[in-house]
Amino acid sequence: MNRRRPPRSASADELLTTLHQLTARARREVELHQARVELAEALQREMLPAHLPDLPGLRTAARYTPARSGLDIGGDWYDGFPLPDGSLGFAIGDVQGHDVEAAAFMGQIRIGMRAIASTVADPGEIIGQTNDLLLSVNSTLFATCTFLRFDPVTWEIDSARAGHVPAVWASGDGRTGIIDDEGGLPLGIQEKQHYPVTRRRLTEEGAFVLITDGVIEGPSFSIEKGLEAVMHRAGAHAGADADELADEIIKAAVLTGHQDDAAVLVLCHDSAPGRTA
């Protein structure tokens, strides 16, 4: 008499109702996530420059591709713009994190860096003041970047780096190397940082290839292997135009199985005026 009745088994209708509810909830979550991805993609498209500047003897091109999974979007950027003294400024960078927040933070960096570069010529100072500006808005994100200034009078490139991956150079005859200059901390970590500047005079025809880590690093692909792949492609296509070279470099990201977005910025240059390559 005291024995409990066994629980009643769920009917087929109840199971179907539960399954329908779970399916509907999963669909809503997928749709919400897809909406965030699409918003991040839209922000990315709008914030990246439609055109890059160039000058006689300097040709530029850039490429961006989202992660292969389609989930990690919004962190990488590149930029190029004329400066008040007639030189050109170029930047490439990578925001920690992804999705809409990273895309918005990327936009803040790009706008802030442009504004600072309109009053400051030194790349190290530009990065330093950008770093302090970002810290002043109390963001929890940080970013790496490289900034270059090309002077069309002296035919020199000044560069500074904030925790970013090295760039690659290639000469017109196919020689290549890694540009692993001294740098400082990523942006948004600690205020009042010093960012050393390296100056190079372009004495021969060649190219500078700036990349983000999505181009050279993957789950089973080390940065060293990635840099070797970029150097190989840069050397093999050193005589190509900027667009062709950028197309070749971004293909290196496929080798990594990149789970991060990837960006490439290419500067193809002649030798300095009055010199031969």
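See above for the structure.
Just so it is clear, the model here is predicted, and its values are computed rather than measured.

Q: It is not clear to me how the side chain of Thr212 should be interpreted in this structure. Could you clarify?
A: With respect to the element layout, Thr212 can be found in the loop between β9 (206–211) and α4 (213–216). Overall, the relative accessible area of 0% leaves Thr212 in the buried class. For Thr212, the side chain forms a polar contact with the side chain of Asp76, separated by 2.6 Å. Among residues more than four places away in sequence, those in contact with Thr212 are Asp76, Ile92, Gly93, Asp94, His164, Val165, Asp261, Ala262 and Ala263.

Q: How should the pattern of salt bridges be read in this particular structure?
A: Any two side chains of opposite charge can pair, given that their charged atoms come close. Under the definition given, this model contains 16 salt bridges. Put simply, Glu248 and Lys251 hold a salt bridge, and the shortest N to O gap is 3.1 Å. Of this pair, Glu248 and Lys251 both sit in helix α6 (residues 242–256), separated by three residues, roughly a single helical turn. A relative accessible area of 14% places Glu248 in the buried class. It is possible to trace a salt-bridge network through shared partners that takes in Asp85, Arg149, Asp151, Glu156, Asp158 and Arg199.

Q: What's the story with the sheet that holds strand β7 (residues 176–179) in this structure? I'm lost.
A: Two strands in a sheet stick together by hydrogen bonds in their backbones, pointing the same way (parallel) or opposite ways (antiparallel). Spatial strand order, β1-β10-β9-β6-β7: five strands in an open sheet with antiparallel pairing. Sheet topology places β1 (58–65) and β7 at the edges, where each strand pairs with a single neighbour. Strand-to-strand twist across the sheet, computed as the mean angle between neighbouring axes with direction ignored, equals 20 degrees. Across four bridges, the pairing between strand β6 (residues 167–171) and β9 is antiparallel. Across the sheet, residue Val168 finds its bridge partner in β9, namely Val209.

Q: For this particular structure, what's the right way to read the sheet that holds strand β3 (residues 88–95)?
A: Within the open sheet, the five strands sit side by side as β2-β3-β4-β5-β8. Their pairing is antiparallel. Looking at strand neighbours, the two that pair on one side only are β2 (76–82) and β8 (198–201), the edges of this open sheet. Each strand of the sheet is rotated relative to its neighbour by a mean of 15 degrees, with strand direction disregarded. In this sheet, β8 lies alongside strand β5 (residues 156–162) in antiparallel orientation, the contact comprising four bridges. Note that in β8 the partner of Asp158 across the bridge is Arg199. In the packing of helix α3 (residues 123–136) onto the sheet, contacts are made with β4 (143–151) and β5, and the angle to β5 comes to roughly 30 degrees.

Q: I keep staring at unusual backbone geometry and nothing clicks. Help me out?
A: If a residue is not glycine, its phi is most likely negative; likewise, a peptide bond is most likely trans. The backbone phi angle of Trp155 is positive, close to 60 degrees, even though this residue is not glycine. Assignment of secondary structure puts Trp155 in the loop between β4 and β5. For Lys192, which is not glycine, the phi torsion reads 55 degrees and is therefore positive. In this fold, Lys192 is placed in the loop between β7 and β8.

Q: What should I look at first to understand α3 in this one?
A: Helical periodicity: at 3.6 residues per turn, an α-helix aligns residues three or four positions apart in one direction. Look at α3: 20 Å from first C-alpha to last across 14 residues, which is about the 20 Å you get at 1.5 Å a residue. Along α3, the residues that are buried comprise Pro123, Gly124, Ile126, Ile127, Gly128, Thr130, Asn131 and Leu134. A distance of 3.0 Å separates the backbone nitrogen of Gly124 from a side-chain oxygen at the start of α3, and that oxygen is part of Asp122.

Q: What should I look at first to understand the nonpolar core in this one?
A: In summary, soluble globular proteins display a tendency toward joint burial of nonpolar side chains. Judged by nonpolar contacts, the single largest core of 45 residues is most densely connected at Trp77, Val95 and Ile127. The greatest single-element share of this core, amounting to seven residues, is contributed by helix α2 (residues 99–117). The contacts of Val95, once residues within four sequence positions are left out, are Gly75, Trp77, Ala102, Phe105, Met106, Ile109, Leu141, Phe142 and Ala143.

Q: It is not clear to me how the packing of aromatic side chains should be interpreted in this structure. Could you clarify?
A: The relative placement of two aromatic rings is captured by the distance of their centres and the angle of their planes. Taken as a whole and assessed by the stated rule, the structure comprises two aromatic pairs. Ring geometry for Phe81 against Phe147: centres 6.2 Å apart, planes inclined by 50 degrees, an arrangement best described as tilted. With Phe81 in strand β2 and Phe147 in strand β4, this residue pair connects regions lying 66 residues apart in the sequence. A residue is classified by how much of its surface remains accessible, and Phe81, at 5% relative accessible area, is buried. The class of Phe147 is buried, set by a relative accessible area of 0%.

Q: What is the right way to read a nonpolar patch on the surface from this model?
A: A cluster of nonpolar side chains, contributed by Phe142, Leu185 and Ile189, occupies part of the molecular surface with about 230 Å² of accessible area. Mapped onto the elements of the fold, Leu185 is located in the loop between β7 and β8.

Q: Teacher, can you tell me more about the pairing of β4 here?
A: Of all nine residues in β4, nine are buried; the element is thus mostly enclosed. In β4, alternate side chains face the same way, and those of Ala143, Cys145, Phe147, Arg149 and Asp151 on one face and Thr144, Thr146, Leu148 and Phe150 on the other are all buried. Across eight bridges, the pairing between β3 and β4 is antiparallel. Within the sheet, the bridge partner assigned to Gly89 lies in β4 and is Arg149. With six bridges connecting them, β4 and β5 associate as antiparallel partners. Along β5, the bridge assignment pairs Phe150 with Ile157. Two successive antiparallel strands, β4 and β5, enclose a turn made up of four residues, where Trp155 displays a positive phi of approximately 60 degrees.

About the criteria used
Residues numbered from 1 in each chain as written. Predicted model: local features only at pLDDT ≥ 70, side-chain atom pairs only at ≥ 80, totals over all residues. Heavy atoms only, no water. Helix = DSSP H or I, 4+ residues; strand = E, 2+ residues; numbered from the N terminus. Buried < 20%, exposed > 50% of the residue type's maximum accessible area, 1.4 Å probe, protein only. Polar contact = N/O pair within 3.5 Å; in protein donor to acceptor, adjacent residues only side chain to side chain. Contact = heavy atoms within 4.5 Å. Salt bridge = Lys/Arg side-chain N within 4 Å of Asp/Glu carboxyl O. Pairing = 2+ DSSP bridges. Axes fitted to C-alpha atoms, helices over the stretch in contact; angles between N-to-C directions. Expected span 1.5 Å × (residues − 1). Core = buried A, V, L, I, M, F, W, Y, C linked by side-chain atoms within 4.5 Å. Phe/Tyr/Trp six-rings, centres within 6.5 Å; stacked < 30°, edge-to-face > 60°. Patch = residues over 30% accessible without salt bridge, like charges linked within 9 Å, V, L, I, M, F, W, Y side chains within 5 Å. Areas by Shrake-Rupley, 256 points an atom, 1.4 Å probe, with all protein chains shown as cover.

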